[in-house]
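Overview (structure and organization)
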Amino acid sequence: MTAAEHAAVRDRRSGSLLFVAAIATGIAAILSVSPLLGSKSGLILLVGVVALALGVCAVISPVFATILLLVAMFLRLPIRSIAELPIELFLIAFAAVAASTVLWMDRTPDRLRGIGAVEWAMAVYITWNFYSMFAPHRYPAYDPIAAEPFSVARFIVVGIVIPFALYVVGRYTFDRVSAVRALMWVILAVAAYSAVVSILPFTPLTRFVWPRYVLEVENPSWVGRAVGIFNHPVINGMALALGFAIAMLMAGRRSEPVWQRRVAIVIAVACGVGIYETHTRAAWLGGLAVLVIGALLARGNRKGYITILVLLIAMVALNWSTFTSSDREAGGVGSENEVQSRLNDIQTAFWAISRKPVEGWGIGRFQSVNTYHHQQWSPEIPFSEGFGEVSHQNELAITAELGVIGLSMWICVLALAAYRLWDAYRTLPDNDLCGKPLTVVAMMAMSILICAGLTVDYRFFEFSVSVIFLLVGIAVGWSDRHKLAPATDPAVLREGVGQHA
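The rules we used
Residues numbered from 1 in each chain as written. Predicted model: local features only at pLDDT ≥ 70, side-chain atom pairs only at ≥ 80, totals over all residues. Heavy atoms only, no water. Helix = DSSP H or I, 4+ residues; strand = E, 2+ residues; numbered from the N terminus. Buried < 20%, exposed > 50% of the residue type's maximum accessible area, 1.4 Å probe, protein only. Phe/Tyr/Trp six-rings, centres within 6.5 Å; stacked < 30°, edge-to-face > 60°. Lys NZ or Arg CZ within 6 Å of the ring centre and 35° of its normal. Expected span 1.5 Å × (residues − 1). Arc of directions from axis to C-beta. Contact = heavy atoms within 4.5 Å. Core = buried A, V, L, I, M, F, W, Y, C linked by side-chain atoms within 4.5 Å. Patch = residues over 30% accessible without salt bridge, like charges linked within 9 Å, V, L, I, M, F, W, Y side chains within 5 Å. Areas by Shrake-Rupley, 256 points an atom, 1.4 Å probe, with all protein chains shown as cover. Salt bridge = Lys/Arg side-chain N within 4 Å of Asp/Glu carboxyl O. Axes fitted to C-alpha atoms, helices over the stretch in contact; angles between N-to-C directions. Parallel < 35°, antiparallel > 145°, perpendicular 65-115°, else oblique. Left-handed = near helix turned anticlockwise from the far one by under 90°. pLDDT = per-residue confidence, 0-100.

**Considering the overall build of the protein**
Looking only at helices and strands, the protein features 19 helices and two strands. Each of the 501 residues in the protein was classed as buried or not, and the buried ones make up 52%.

Shown next, in the form of structure tokens:
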């Protein structure tokens with residue numbers, strides 16, 4: 001049996017199992033809940049059975065489990081606003097992803113094999129983070145001003161382990177075009193929702209906004225800015241920029257159904273408006289990076305990116321005084337208080353790095369250092385600006401907490417991933433969805449990550465960072481399978497099957 005036949009059999013088997021599991025659990029739900037309709041116990045039982053059905057499907061399919069994890073991450077704050085759960089649902093979903101991936105790898109003989117340099121670099125970086133967690137440090141990990149503890153273990157798992165794990169899951173298990181396409185449309189769906197809740201607060205239709213906390217911005221500097229379902233303008237901007245990148249990809253593919261291309265165009269426009277409504281420099285810079293990369297590398301679809309770039313440049317040139325002003329609602333990028341806060345944070349990071357350059361002050365300790373040893377950038381900047389805050393620059397935060405050793409490991413992860421993406425761009429076919437177009441989207445995602453890191457510590461942003469590393473892993477996996485597939489077997493290239501037993 002050829003590798004393509006192995007893939008076809010596996011796809012049919014997985015699809016059949018998912019179908020049988022869904023039907024069986026649906027029947028079980030109806031039969032078990034029907035005598036209790038209208039009662040609270042019946043609702044609880046129905047929720048339990050649905051959760052069981054999702055769990056069964058997640059264990060069978062790592063692709064389904066990964067999509068379920070992303071949705072759970074996306075809905076983390078709305079779920080928490082409705083009910084306080086003993087454990088967050090996305091952590092349970094991540095456990096399902098891990099179990100499903102292990103089982104899939106065990107029963108799939110023709111899968112991609114081998115551990116790459118990126119995975120080794122990730123493993124070393126994770127090890128260094130856990131070493132820093134257990135090593136003795138001068139200050140504990142907590143918020144000294146609010147006197148609230150800070151869970152370092154959760155910080156490492158959510159901000160580092162899960163994104164890196166999804167890179168591995170994407171590289172190995174997203175080996176079918178249908179799986180990649182399904183993921184693309186899920187990301188488009190959540191990005192579209194983010195766009196809607198970013199736009200509606202600035203219209204008379206605020207009664208349709210859910211969750212309601214989107215309208216009740218607590219941070220004074222975020223008033224008038226689209227915080228989205230994430231309740232943070234930078235995270236919201238990252239998700240919208242990702243949605244815009246994927247929507248532009250799908251809209252420019254003439255092989256896709258016309259109605260899907262039209263939907264993608266609508267989502268791209270909505271995400272673009274949402275990015276503007278964030279009135280956030282990092283979000284705008286991420287969107288600009290997407291346009292530049294598209295104009296340079298999106299073969300066959302550069303015209304759309306170039307057109308949008310020219311229009312943006314013209315609009316900025318015509319409204320230059322407004323653009324450089326501090327009036328965020330009018331479209332200005334200036335904000336004196338925020339700039340002063342960032343400068344004090346940077347000076348504090350420099351101070352911390354100079355005192356402990358090798359191992360750093362300890363993972364999760366920047367906020368303590370920024371409270372007990374807060375520094376001023378210059379006498380003209382008020383001392384209170386940025387006092388006691390978490391870092392607003394990702395690499396400086398990593399260096400202050402993990403030292404030059406930790407920074408070197410992190411840069412190594414990014415550099416190796418970027419090299420693998422460039423290698424994938426050079427080797428994958430031009431027109432296939434999982435060829436150069438997928439790689440260009442992954443490059444855009446990496447650029448969004450880097451742009452966000454200039455103004456925030458994105459280790460706190462589980463959803464956006466996880467999606468980005470997942471996309472990078474998928475692109476690298478398709479490149480690996482393309483190199484292993486026989487050049488004379490187009491079915492193997494189409495199905496994305498790797499080395500077989």
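Now that the structure is up, let's keep going.
**What about the packing of aromatic side chains?**
Taken as a whole, this structure holds 20 aromatic pairs when the rule is applied. Pairing F230 with F463 gives two aromatic rings, centres 5.5 Å apart and planes at 35°, and the pair type is tilted. Of this pair, F230 sits in the loop between α8 (177–199) and α9 (233–251) while F463 is found in helix α18 (residues 462–484), placing the two residues 233 residues apart along the sequence. Judged on exposure class, the residue F230 and its partner F463 are both buried. Both rings, one in Y276 and one in W284, keep their centres 5.9 Å apart while their planes meet at 5°; by these two values the pair is stacked. Taking relative accessible area as the criterion, Y276 reaches 37% and is therefore assigned partly exposed. Assessed through its relative accessible area of 17%, W284 is described here as buried. In this structure an aromatic cluster arises from ring pairing among Y125, F164, W410, Y458 and F469. The ring of Y172 has R171 sitting right over it, with the charged end atom 5.2 Å from the ring centre. It is K436 that lies over the ring of Y425; its NZ or CZ is 5.5 Å from the centre.

**Here's the deal with helix α5 (residues 89–107)**
For α5, spanning 19 residues, the distance from its first C-alpha to its last is 27 Å, which sits close to the expected 27 Å at 1.5 Å a residue. Within the span of α5, buried status applies to F90, A93, F94, A96, V97, S100, T101 and W104. End-on, the buried residues of α5 take up no more than an arc of 160°, which puts them together on one face. Exposed and facing more than 90 degrees away from the buried side of α5 are V102 and D106.

**Focus on the environment of A65**
Positionally, A65 belongs in helix α3 (residues 62–74). Considering only alpha carbons, one finds A65 and A96, 31 residues apart in sequence, at a separation of 6.4 Å. In this structure, A65 is in contact with A58, A96, V97 and S100, ignoring residues within four places of it in sequence.

**Here we look at the nonpolar core**
L69, Y125, F164, F174, L183, F463 and F469 are the most contacted members of the largest nonpolar core, which totals 121 residues. The greatest single-element share of this core, amounting to 15 residues, is contributed by α9. Excluding anything up to four places from it in sequence, F469 contacts M122, P163, F164, Y167, W410, V413 and L449.

**Quick word on a nonpolar patch on the surface**
A grouping of L285, L288, V292, L296 and L454 is seen on the molecular surface, where their side chains present a nonpolar patch of about 420 Å² in accessible area. For V292, the location among the structural elements is in helix α11 (residues 281–297). Take V292: its relative accessible area is 35%, and that puts it in the partly exposed class.

**A word on unusual backbone geometry**
With an omega of 5°, the peptide bond between W210 and P211 qualifies as cis. Phi at N231 is positive, roughly 60°, even though this residue is not glycine. Here N231 is to be found in the loop between α8 and α9. Taking relative accessible area as the criterion, N231 reaches 25% and is therefore assigned partly exposed.

**Some details on the packing of α11 against helix α17 (residues 436–453)**
Helix-helix packing is characterised by the crossing angle of the two axes and by the distance between the axes. Running from N to C, α11 and α17 cross one another at 150°; their axes reach a closest spacing of 9 Å. Taken together, the axes of α11 and α17 lie roughly antiparallel to each other. The handedness of the crossing between α11 and α17 is right-handed. Here A282, L285, G286, A289, V290, I293, G294 and L297 of α11 come into contact with α17, specifically with V440, M443, M444, S447, I448, C451 and A452.

**Remarks on the confidence of the model for the protein**
Per-residue confidence for the protein averages 85 on the pLDDT scale, and 83% of its residues sit at or above 70. Every residue in residues 1–5 scores below 50 in pLDDT, and together they form eight contacts with partners more than four places removed in sequence or on other chains.

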